[in-house]
Amino acid sequence: MNNFFDTTIYGNTLHQWCVALLYLIGAFTIAKTTFWFIRKFVKRLASKTKTRLDDILVNMFEEPFVFAIVLFGSYLAINHLTLPDVITAWASKIYTFLVIINITWFTARTVTSLMDNYLRPKMQQSNSMDKQVYPILYKMMASIIWGIGVVMALNNAGYDITAMIAGLGIGGLALAMAAQDSVSNFFGGFTIFTDHPFKVGDRITINGYSGTVYEIGMRSFRLKTLEGTEIVIPNSQVTNSIIENISRAPAKKIVLELGLTYDTPPAKMQEAQKILKEIAKDNVDVNDDYATYFLTFGDFSLGIRFIYYIKKGADKLQVQNDMNMEILRRFNEAGLDFAFPSQTIYMGNS
């Protein structure tokens with residue numbers, strides 16, 4: 001029987017192969033048992049505590065820890081065998097690479113999970129801009145962790161990272177030159193997220209286009225005009241354009257030019273101005289700093305300028321409609337006639 005296990009296969013006795021196989025089987029068995037134990041008892045125990053931190057750590061530690069047990073069993077199995085130097089060197093590199101990748105996996109899972117449980121709820125309670133920044137921040141953090149982990153894994157596995165990074169740098173420069181528009185749009189989006197010139201729901205005017213912002217992406221943002229059409233504007237326009245954020249104005253100034261007929265006496269002109277002030281005072285959506293002026297003797301009318309300010313948050317069009325209807329009603333009641341374009345022709349005796 002001993003002679004059977006002393007049989008040599010590929011430089012190792014059958015006994016060595018069996019022990020290596022037992023290491024692997026044992027590692028998988030322990031990993032499976034550990035996985036079951038964590039699911040059955042450790043998670044239940046963590047769920048009974050007041051803090052969520054232990055639940056997060058247990059959930060994130062579970063799979064990388066099981067994978068680490070399998071890696072350790074594989075390491076023992078390989079080291080128990082007598083293998084050619086080339087295979088041993090490659091196995092060592094692969095093992096080192098996988099260990100660092102496993103640590104990176106655990107780190108990335110933990111950090112992103114902490115962000116999901118602690119940072120995202122706070123950002124969702126904030127303004128809509130923060131809600132859109134979070135997915136970008138989440139992906140950026142995960143990419144950074146994985147990028148560092150892969151670089152460290154390759155470096156410790158014996159690869160020349162310097163040459164690789166230099167190659168990536170040259171390739172990145174070529175890609176940036178080939179995609180200048182995309183890069184400028186990306187930085188334009190970054191400007192929107194950091195400088196906050198507007199947010200979703202704001203009414204803005206940019207490059208002659210006016211509308212309500214209803215979506216902001218990393219390449220472009222979208223406006224919805226009063227006509228109901230959709231306008232897509234590249235983010236790069238933000239960095240070199242003048243933007244008027246109408247929603248952030250404390251009030252909307254309205255200048256109304258009214259013309260009364262030339263047969264209107266001075267007392268009636270004063271009454272007209274008094275009526276306009278009363279209308280503005282009675283409207284709850286109009287600020288107190290309104291004014292009226294008798295400014296012009298026009299070609300066919302006596303001109304009154306009426307200035308008032310609609311409060312922020314009020315429906316501008318509806319307020320203007322209500323003000324105009326009230327002016328028309330009160331002027332008609334007071335016998336104040338609006339002028340219309342007319343000419344009087346005097347003909348002399350021939």
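Our subject is the structure that appears above.
Parameters at a glance
Residues numbered from 1 in each chain as written. Predicted model: local features only at pLDDT ≥ 70, side-chain atom pairs only at ≥ 80, totals over all residues. Heavy atoms only, no water. Helix = DSSP H or I, 4+ residues; strand = E, 2+ residues; numbered from the N terminus. Expected span 1.5 Å × (residues − 1). Buried < 20%, exposed > 50% of the residue type's maximum accessible area, 1.4 Å probe, protein only. Arc of directions from axis to C-beta. Contact = heavy atoms within 4.5 Å. Pairing = 2+ DSSP bridges. Axes fitted to C-alpha atoms, helices over the stretch in contact; angles between N-to-C directions.

K.L.:
Please explain helix H9 (residues 266–282) as it appears in this structure.
P.N.:
Since one α-helical turn is 3.6 residues long, residues separated by three or four positions face the same way. Given a rise of 1.5 Å per residue, 17 residues ought to cover 24 Å, and the 25 Å separating the end C-alpha atoms of H9 matches this to within 8%. Of all the positions in H9, only Met 269, Ala 272, Gln 273, Ile 275, Leu 276, Ile 279 and Ala 280 are classed as buried. Each buried residue of H9 lies within a common arc of 155° when the element is viewed along its axis, so the set occupies one face. Of the exposed residues in H9, the ones pointing more than 90 degrees away from its buried face are Pro 266, Ala 267, Gln 270, Lys 274, Lys 281 and Asp 282. In this structure, the buried side of H9 is in contact with strand E8 (251–260), strand E9 (291–297), strand E10 (302–311) and helix H10 (316–333).

K.L.:
I'm lost on the sheet that holds E10 in this one. Help?
P.N.:
The strands that make up a sheet are held in pairs by hydrogen bonds between backbone atoms, and each pair lies either parallel or antiparallel. What the three strands build is an open sheet, ordered E8-E10-E9; its pairing is antiparallel. Looking at the sheet topology across the chains shown, the edges are occupied by E8 and E9. Across this sheet, the average inter-strand angle for adjacent strands is 25°, counted without regard to direction. Taken together, the six bridges between E9 and E10 define a ladder with antiparallel strand orientation. If you follow Thr 296 over to E10, its bridge partner there is Gly 303. Each of E8, E9 and E10 touches H9; the most contacted strand, E10, lies at about 10° to it. Each of E8 and E10 is contacted by H10, which is oriented at about 25° to E8, the strand it contacts most.

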